[in-house]
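Structural overview
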Amino acid sequence: MDGQTPEIGIEHLLRELAPQVLGVVARRFRDFSSAEDAVQEAMLAAFRQWPREGIPENPRGWLIQVASRRMTDTARSEIARRQRETAMTAEEEPAIEPAEIDTDMDPEDTLVLLFMCCHPALSTSSAIALTLRAVGGLTTAEIANAFLVPEATMAQRISRAKQSIKASKVAFRLPTPQQRGERLPAVLHVLYLIFSEGYASSIGAQLQRLDLAREAIRLTRSARALLPQDAEVAGLLALMLLTNARRAARTGPHEELIPLDKQDRSLWDRAEITEGTGLLALALAKGAVGLYQLQAAIAAVHDEAARVEDTDWAQILALYELLQRVAPSPMVTLNHTIALAMVHGPQRGLERLRALDSDERLVGHYRLDAVRGHFFEMLGDLERAIQHYRTAASKTTSVPEQNYLMTQAARLEEARKESAQGETMI
């Protein structure tokens, strides 16, 4: 498993299988909340047993059987409880035995699960949080990071969303065309966040989680097959492909982070770039310019530059200015500030950052200090750059990003010492 321990390899496999298994079990038993609990128990059982006994020949089938057995046991316990309470024979038949359950994967199961989690009974934020948990397999802490809220707040939000899904008794099937249109913005936002976590993991020792990125791309392809004329679906798929094309160049031999301006561009996936730019062209030809199309256009400008020096930062700045009008957010403003500094100088960037210091959603976020450190480095103020790089490193929960920021601080510290020694000799 490419040098990974068996436990890490199993964990990756379970993450990939979790939404598929949940889709099957939820469809068979028509109880999303209980199905999720049963699948979680099956995952824990697999994580305990598979390292000792080996991965089964059909791991997905194994998980479905274990989760289904849990669902059957729960149903029987519930029937027995009702019998005791009423002292009457329950008319309800117990759930079917696990052995009778077809463990084949319906290709639509995960897509159905995706749309179901984005049910209008939920608020948009709750729907997205629940889907990231159920479909994306993200931890509560990872989802909280994506939303810039405390983990406890996110745990409560997910719990309430599960209860709302259960109370709504929503059927497990693809929504009607009208319902798809109503839920599509939340679905696309979920897919975007799943991909983002896969491309740049917010927690842990890995910079990238390719299983999440691949699953997000697969689901977005499924959404595009379902809605082939939708420009934003095409724009989102284009954004994912144009961004994912750089994955091989983003890390070094020891999984260290390599920033965009230092990447070996010969490692970029030209096939994905070609497909992404083609999708973007089709989306833009429809006349509507939305959130994902604009971000895809920015990614395309980066990808089309053969060298970092060839990057058209003026065009990127113009696209970010348009993006701020279409979908303003703190992160969009921060990225716009970087583009502003690249075009008009780091001092302009520092001035713009002051406006973000009071934004509650970014207070304490490591990227503010990381960007500020970069701007001070561009100005030659090494002492302040070192300070902000170190502060940023202390705030991030990503080990590769932490190591990168500490390396930047150490590099500048060494340069400062050499400069001071040179001045002393003179």
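In this text, all values refer to a predicted model and were calculated from it rather than measured experimentally.

Digging into the overall build of the chain
Within the chain one finds 18 helices and zero strands. Buried residues in the chain amount to 48% of all 426 residues. Taking contacts inside the chain between residues at least 6 apart in sequence as the whole, the part at least 24 apart equals 65%. Summed over all atoms, the accessible surface of the chain reaches about 20800 Å², with 52% contributed by carbon and sulfur.

Some remarks on helix α14 (residues 330-344)
Across its 15 residues, α14 extends 20 Å between first and last C-alpha, which sits within 8% of the 21 Å expected from 1.5 Å per residue. Those residues of α14 that sit buried are Pro330, Val332, Thr333, Leu334, His336, Thr337, Ile338, Ala339, Leu340 and Ala341. The inward-facing, buried residues of α14 contact α13 (313-326), α15 (346-353) and α16 (366-379). At the C-terminal side of α14, glycine 345 shows a positive phi close to 105°.

Brief notes about the packing of helix α10 (residues 231-244) against helix α11 (residues 270-285)
Where α10 contacts α11, the two axes come as close as 8 Å, and the packing angle between them is 155°. Regarding the angle of α10 to α11, the classification is roughly antiparallel. Considering only the axes of α10 and α11, their crossing is left-handed. Listed contacts from α11 to Ala231, Ala234, Gly235, Leu237, Ala238, Leu241, Leu242 and Asn244 of α10 are Glu272, Ile273, Glu275, Gly276, Thr277, Leu279, Leu280 and Ala283. For the contact of α10 with α11, a count of residues per class yields ten nonpolar, four polar and two charged.

Focus: the packing of aromatic side chains
The tally for this structure, following the rule as stated, stands at three aromatic pairs. Between tyrosine 192 and tyrosine 292, the aromatic rings sit 5.8 Å apart at their centres with planes inclined by 50°, giving tilted as the arrangement. A residue pair is termed long-range when its members are at least 10 positions apart, and tyrosine 192 in helix α8 (residues 177-199) and tyrosine 292 in helix α12 (residues 291-304) qualify at 100 residues. On the basis of relative accessible area, tyrosine 192 is assigned to the partly exposed category, the value being 23%.

Considering the side chain of glutamine 408
Here glutamine 408 is to be found in helix α18 (residues 399-425). On the basis of relative accessible area, glutamine 408 is assigned to the buried category, the value being 11%. When residues no more than four places from it in sequence are discounted, the contact partners of glutamine 408 are Glu377 and Tyr389.

Let's talk about the pattern of salt bridges
Pairs can form between side chains of opposite charge once their charged atoms are near each other. Going through the model one piece at a time under the given rule, you end up with 16 salt bridges. In this structure, glutamate 41 and arginine 70 form a salt bridge, with 2.8 Å as the shortest nitrogen-oxygen distance. Separated by 29 residues along the polypeptide, glutamate 41 in helix α2 (residues 32-53) and arginine 70 in helix α3 (residues 59-86) bring together distant segments of the chain. Judged by its relative accessible area of 38%, glutamate 41 falls in the partly exposed class. The exposure class assigned to arginine 70 is partly exposed, which follows from its relative accessible area of 29%. The salt bridge partner of arginine 416 is glutamate 413, with a shortest N-O separation of 3.0 Å. Within this pair, arginine 416 and its partner glutamate 413 are both found in helix α18, separated by three residues, close to a single helical turn. The class for arginine 416 is partly exposed, based on a relative accessible area of 32%.

Describing α11
Helix length check: α11, at 16 residues, gives a terminal C-alpha distance of 22 Å against a target of 22 Å (1.5 Å per residue), a fit within 8%. Among the residues making up α11, those that are buried are Glu272, Ile273, Gly276, Leu279, Leu280 and Ala283. One face of α11 carries all of its buried residues, which in axial projection span an arc of 135°. Across α11 from its buried face, at more than 90 degrees, point the exposed residues Ala271, Thr274, Leu282 and Ala285.

Re unusual backbone geometry
Positioned with a positive phi, glutamate 255 is a non-glycine residue whose angle comes to about 65°. By the element assignment, glutamate 255 lies in the loop between α10 and α11. Judged by its relative accessible area of 44%, glutamate 255 is partly exposed.

Looking at the packing of α8 against α10
Where α8 contacts α10, the axes come no closer than 11 Å and their chain directions differ by 5°. Viewed along their axes, α8 and α10 adopt a mutual orientation that is roughly parallel. Contacts between α8 and α10 involve Leu184, Leu188, Leu191, Tyr192, Phe195 and Tyr199 from the former and Glu232, Val233, Leu236, Leu239, Met240, Thr243 and Asn244 from the latter. By residue class, the composition of the contact of α8 with α10 is ten nonpolar, two polar and one charged.

Rules and cut-offs
- Residues numbered from 1 in each chain as written.
- Predicted model: local features only at pLDDT ≥ 70, side-chain atom pairs only at ≥ 80, totals over all residues.
- Heavy atoms only, no water.
- Helix = DSSP H or I, 4+ residues; strand = E, 2+ residues; numbered from the N terminus.
- Buried < 20%, exposed > 50% of the residue type's maximum accessible area, 1.4 Å probe, protein only.
- Contact = heavy atoms within 4.5 Å.
- Areas by Shrake-Rupley, 256 points an atom, 1.4 Å probe, with all protein chains shown as cover.
- Expected span 1.5 Å × (residues − 1).
- Axes fitted to C-alpha atoms, helices over the stretch in contact; angles between N-to-C directions.
- Parallel < 35°, antiparallel > 145°, perpendicular 65-115°, else oblique.
- Left-handed = near helix turned anticlockwise from the far one by under 90°.
- Nonpolar A, V, L, I, M, F, W, Y, C, P; charged D, E, K, R; others polar.
- Phe/Tyr/Trp six-rings, centres within 6.5 Å; stacked < 30°, edge-to-face > 60°.
- Salt bridge = Lys/Arg side-chain N within 4 Å of Asp/Glu carboxyl O.
- Arc of directions from axis to C-beta.

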